Amino acid sequence: MRDFLLIALYALLGAGAAGLLGAVALRILRRRSVAVSLTIVAAVAVTAMLAGTLTVAWAMFLSSHDLAVVTTVVATAAAVSMATALLLGRQVVRRCRELVGAARVFGQEGTFVAPAVPAPAEFTALSRELALTSERLAASRERERALEASRRELVAWISHDLRTPLAGLRAMSEALEDGMAADPARYHRQIRTEVDRLNSMVGDLFELSRIHAGALSLTLTRMSLHDLVGDALAGTDALAREHGVRLVGEGVASLPVEVDGKEMTRVLSNLLVNAIRHTPADGTVAIAAERREDSVVLSVTDACGGIPEEDLPRVFDTGWRGTPARTPPSGAGLGLAIVRGIVEAHAGHANVHNVSGGCRFELTLPAPAG
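Residues numbered from 1 in each chain as written. Predicted model: local features only at pLDDT ≥ 70, side-chain atom pairs only at ≥ 80, totals over all residues. Heavy atoms only, no water.

Draft legend 1. Just the overall build of the protein, in detail. Regarding its fold elements, the protein presents 8 helices and 7 strands. Burial statistics for the protein: of 370 residues in total, 34% are counted as buried. Long-range pairs, those at least 24 residues apart, make up 69% of the contacts in the protein between residues at least 6 apart in sequence. Carbon and sulfur atoms form 60% of the exposed surface of the protein, whose accessible area is close to 21700 Å². (Helix = DSSP H or I, 4+ residues; strand = E, 2+ residues; numbered from the N terminus. Buried < 20%, exposed > 50% of the residue type's maximum accessible area, 1.4 Å probe, protein only. Contact = heavy atoms within 4.5 Å. Areas by Shrake-Rupley, 256 points an atom, 1.4 Å probe, with all protein chains shown as cover.)

Draft legend 2. Spatial organisation of the layout of surface pockets. What the second largest pocket holds in volume is close to 340 Å³. In this structure, the second largest pocket is lined by 15 residues; those nearest its centre are Leu147, His212, Asp317, Thr318 and Arg340. Counting residues per element, the ones that place at least two in the lining of the second largest pocket are helix 4 (121–178), helix 5 (184–212) and helix 8 (335–345). In terms of residue count, helix 4 provides more of the lining of the second largest pocket than any other element does, 5 residues in total. (1 Å grid on protein atoms, 1.4 Å probe; cavity = no way out; pocket = protein on both sides within 12 Å on 5 of 7 lines; lining within 4 Å. Points joined across faces, edges and corners; volume = space filled by probe spheres on them.)

Draft legend 3. Quick look at the nonpolar core. Residues Leu225, Phe361 and Leu363 are the most contacted members of the largest nonpolar core, which totals 48 residues. In this structure, Leu169, Ala181, Tyr187 and Leu198 belong to the second largest nonpolar core, which totals 6 residues. (Core = buried A, V, L, I, M, F, W, Y, C linked by side-chain atoms within 4.5 Å.)

Draft legend 4. Expanded view of the state of the cysteines. Summed over the entire model, instances satisfying the criterion amount to 0 disulfides. Cys359 provides the cysteine sulfur closest to Cys304, a residue in no disulfide bond, and the two sulfurs are 3.5 Å apart. With relative accessibility at 0%, the residue Cys359 sits in the buried group. (Disulfide = S-S within 2.5 Å.)

Draft legend 5. Main features of the environment of Arg210. With respect to the helices and strands, Arg210 occurs in helix 5. Residues Arg210 and Ile338, 128 residues apart in the sequence, show an inter-C-alpha distance of 9.9 Å. Contacts of Arg210, omitting those with residues within four sequence positions, involve Ala215, Leu216 and Glu263.

Draft legend 6. Structural context of the side chain of Thr364. With respect to the helices and strands, the residue Thr364 is situated in strand 7 (residues 358–366). On the accessibility criterion, Thr364 (13% relative accessible area) is buried. Those residues in contact with Thr364 that sit more than four places away from it in its chain are Ser295, Val296, Val297, Val343, Gly348 and His349.

Draft legend 7. Quick peek at the confidence of the model for the protein. Chain-level pLDDT for the protein is 79 on average; 85% of the residues reach the 70-or-more range. Under a pLDDT of 50 for its full length, residues 324–330 has, in the predicted model, 18 contacts with residues more than four places off or in other chains. (pLDDT = per-residue confidence, 0-100.)

Draft legend 8. Quick peek at unusual backbone geometry. Of note in this structure, Asp282 is not a glycine but carries a positive phi near 70 degrees. By the element assignment, Asp282 lies in the loop between helix 7 (261–277) and strand 4 (284–292). By relative accessible area, which is 61% here, Asp282 ends up exposed.

Draft legend 9. Structural view of the sheet that holds strand 7. In space, the 5 strands of this open sheet follow the order 2-4-5-7-6, with mixed pairing throughout. Single-partner strands in this sheet number two, and they are strand 2 (246–248) and strand 6 (349–355). The sheet shows a mean angle of 15 degrees between the axes of neighbouring strands, direction not considered. Pairing between strand 6 and strand 7: 7 bridges, direction antiparallel. Note that in strand 7 the partner of His349 across the bridge is Thr364. Strands in contact with helix 6 (residues 225–243) are strand 2, strand 4 and strand 5 (295–301); relative to strand 2, the strand with the most contacts, it is inclined by about 180 degrees. Packing of helix 8 onto the sheet brings it into contact with strand 6 and strand 7, and relative to strand 7 it is tilted by some 25 degrees. (Pairing = 2+ DSSP bridges. Axes fitted to C-alpha atoms, helices over the stretch in contact; angles between N-to-C directions.)

As structure tokens, then:
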């Protein structure tokens, strides 16, 4: 047993010395190629075996013949190990360079194409993550381009919509100033109408800017949908009568929701006003609510004749006003964008789809717990 322990000690001393030298070499060359590191690791393994074997052989006083045999065997193993390490190192370096090239193209063109050659599992996982990142960046760029296009359209439309009432106000004010107005009272009423229109547009822009800036502060309270819908119907009843449109919504169930009453009333008013303006006389605008699993769905259905399928994905975009038949006479295409922003601030979502004779806007809100 004592001899076995001595052999183990001598082997440990010899191998340990080789391992220490290898650790120093790895630290010095840590910034070099991974092939160099692999070669050092293989050399350390073989040298440690050789050093341990020679130390034990020296301690056991082996014959020169036996020592030569052991040394030859170890040297042969060392040569094979070094060659294998170099081959593996070259393969790893080649895969690294291919991945670096693909990453460089990714940085220049924004699209990552993984190398087609087989690679170690870690490189494959890295390529997969880079491919996913490329897809996410592409989607983000697409959203950014769509948003920028929407902003340009909004600026153009707002500029046009502001110039028209401002030109009218200037003309009417000059006519009143020069005493050329045949009916000053009518001019005053028209000025009041145009000012209200401008005020509404500015209010929508301010609300939309708060939504986009994340500055929309909500005060959530528990209330009944029946009461919420009732307030919205009362606020739009006069407009419906003016357009000869019937409003249907008195039978909405008293489903509880936790919402900001002021903001959600604005949402419903925007939807109802939009529906009334695009529903022909003697048409019907219906508002309804139902419970679906863990959510409450509030819907507004009009008789506008439907929205073209290609326009449905853009209905809630900022500045979208669709075809002339769906463009309100005094709108800037902000109402539905505000609807989506407020609903999403309540952790819900808004969508629209066509139904027979019209379209239905649906607001999905989380149902309150308890």
